[in-house]
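Given next are the chains, with one letter for each unit.
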Amino acid sequence: MDNLEIMKHAKDYIDKMASGLNPLTNEPVAETDIINNVRITRCLFYVSNVLRQLIEKDGKVETKKEKRGRKAKKDFFLSVDDLNAFAFSDTPIPISEICKRLNDLKTDDGMKQFSRQILVDWLIKTGLLELYTNESGKEAKRPTEQGKTIGISLDERHGMSGTYYVVLYNREAQQFIMDNFFSILEV
């Protein structure tokens with residue numbers, strides 16, 4: 001087992017203890033057990049978060065000197081030629097896939113990733129998506145009538161947790177996003 005795997009394993013144990021579970025048996029511990037002490041629980045959640053951050057950096061710790069020498073990443077940008085290389089899908093795809101395909105086009109590693117939230121905010125601002133409260137009481141997104149006319153749809157899916165909905169973008173909607181890409185970056 002390499003160090004990263006050990007960290008993931010340790011984080012799993014700490015998460016279980018912070019949740020009041022015996023990490024070996026997954027059974028709840030007694031109410032009087034020390035890991036159910038509020039201060040201990042907070043400490044465990046803190047350590048879990050530190051491990052999460054370390055795992056996200058592939059287990060590498062950055063020194064102060066490395067932090068000072070690191071350059072800030074540039075804002076995301078693509079040229080017209082880059083955008084022309086976008087891989088359109090004839091099958092409707094979710095916004096996360098559109099963002100992944102845009103990020104795959106960037107040629108500069110010193111550039112930030114294209115954020116899904118930027119695109120969502122723009123789609124809401126332009127009246128193509130709207131926020132609503134779903135049956136579970138959670139905020140969700142769905143296409144407006146105007147959004148439907150450009151090819152945005154809502155697809156019902158069934159998973160382990162029950163029925164959920166995914167907003168999909170057909171080829172025309174993908175083209176609309178590419179045609180307005182520079183306006184999206186201005187949001």
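Remember, it's a predicted structure, so these values are computed and weren't measured experimentally. (Residues numbered from 1 in each chain as written. Predicted model: local features only at pLDDT ≥ 70, side-chain atom pairs only at ≥ 80, totals over all residues. Heavy atoms only, no water.)

**As for helix H2 (residues 38-56)**
We count it as follows: Each helix is a run of H or I in the DSSP string that is no shorter than four residues. Each strand is a run of E no shorter than two, and both are numbered from the N terminus. For a helix, the expected span equals 1.5 Å multiplied by the residue count minus one. Buried residues are those whose accessible area, probed at 1.4 Å on protein chains only, stays under 20% of the maximum for their type, while exposed residues exceed 50% and partly exposed ones sit between those limits. Here, the arc refers to the directions that run from the helix axis to the C-beta atoms. Every residue pair with non-hydrogen atoms within 4.5 Å of one another is taken to be in contact. We call two N or O atoms a polar contact when they sit within 3.5 Å, provided that within protein one can donate a hydrogen and the other can accept it, with sequence-adjacent residues counted only if both atoms are side-chain atoms.
In a regular helix each residue adds 1.5 Å, so 19 residues correspond to 27 Å; H2 covers 27 Å between its end C-alpha atoms and thus fits that length. Buried within H2 we find Thr 41, Leu 44, Ser 48, Leu 51 and Ile 55. For H2, the angular spread of buried residues about the axis comes to 85 degrees, placing them on one side. Pointing more than 90 degrees away from the buried face of H2 are the exposed residues Arg 39, Arg 42 and Tyr 46. Where the residues of H2 are buried, they touch helix H1 (3-18). A side-chain oxygen of the first residue of H2 lies 2.8 Å from the backbone nitrogen of Arg 39; this N-cap is Asn 37. Once H2 ends, the next one or two residues include Asp 58, with phi positive near 55 degrees.

**As for the environment of Phe 114**
Secondary-structure assignment places Phe 114 in the loop between helix H5 (95-105) and helix H6 (116-125). Judged by its relative accessible area of 4%, Phe 114 is buried. Separated by 89 residues in sequence, Phe 114 and Thr 25 have C-alpha atoms that sit 42 Å apart. Excluding residues that lie within four positions of it along the chain, Phe 114 makes contacts with Phe 76, Cys 99, Leu 102, Asn 103, Leu 119, Phe 181, Ile 184 and Leu 185.

**Here's the deal with the sheet that holds strand E1 (residues 93-94)**
What counts is decided by this rule: Only strands that DSSP links by at least two bridges are regarded as paired with each other. What counts as an axis is a line fitted to C-alpha atoms, over the stretch in contact for a helix, and the angles between N-to-C directions run from 0 to 180 degrees.
Pairing within the open sheet is antiparallel, and its 3 strands lie in the order E1-E5-E4. Unpaired on one side and paired on the other, E1 and strand E4 (152-159) mark the two borders of the sheet. As judged from the 8 bridges shared by E4 and strand E5 (residues 162-169), these two strands associate in the antiparallel manner. Its bridge partner lying in E5, Gly 159 is registered against Gly 162. Here helix H8 (residues 171-179) sits on the sheet and contacts E1, E4 and E5; the angle it forms with E5, its principal contact strand, is near 55 degrees.

**Remarks on the nonpolar core**
Which entries qualify depends on this criterion: Nonpolar cores are built from buried Ala, Val, Leu, Ile, Met, Phe, Trp, Tyr and Cys residues. Side-chain atoms within 4.5 Å join them into one set.
Judged by nonpolar contacts, the single largest core of 27 residues is most densely connected at Ile 98, Leu 102, Phe 114, Leu 119, Leu 123, Ile 152 and Tyr 169. If you list the elements that add at least two residues to this core, you get H5, H6, E5, H8 and helix H9 (181-185). Other than its neighbours up to four places away in sequence, Ile 152 contacts Leu 123, Leu 128, Leu 129, Pro 143, Gly 147, Val 167, Leu 168, Tyr 169 and Ala 173. Core analysis: the second largest hydrophobic core is formed by 9 residues, Val 29, Ile 35, Leu 51 and Ile 55 among them.

**Concerning the pattern of salt bridges**
To keep it simple, the criterion reads: We count a salt bridge whenever a side-chain nitrogen from Lys or Arg sits within 4 Å of a carboxyl oxygen from Asp or Glu.
Following the criterion strictly, the structure yields 12 salt bridges and no others. One salt bridge in this structure joins Glu 5 and Lys 8, with 3.9 Å as the shortest N-O distance. Highlighted residues: Glu 5 and Lys 8, both in helix H1, separated by 3 residues, approximately one helical turn. With its nearest N and O atoms 2.7 Å apart, the salt bridge here joins Lys 11 to Asp 15.

**Regarding unusual backbone geometry**
For residues that are not glycine, phi is negative in most cases, and the peptide bond is trans in most cases. One non-glycine residue, Asn 26, adopts positive backbone phi at about 65 degrees. Looking at the secondary structure, you find Asn 26 in the loop between H1 and H2. Owing to a relative accessible area of 43%, Asn 26 belongs among the partly exposed residues under this scheme.

From the geometry alone we can't say anything about function, so treat these as descriptive.
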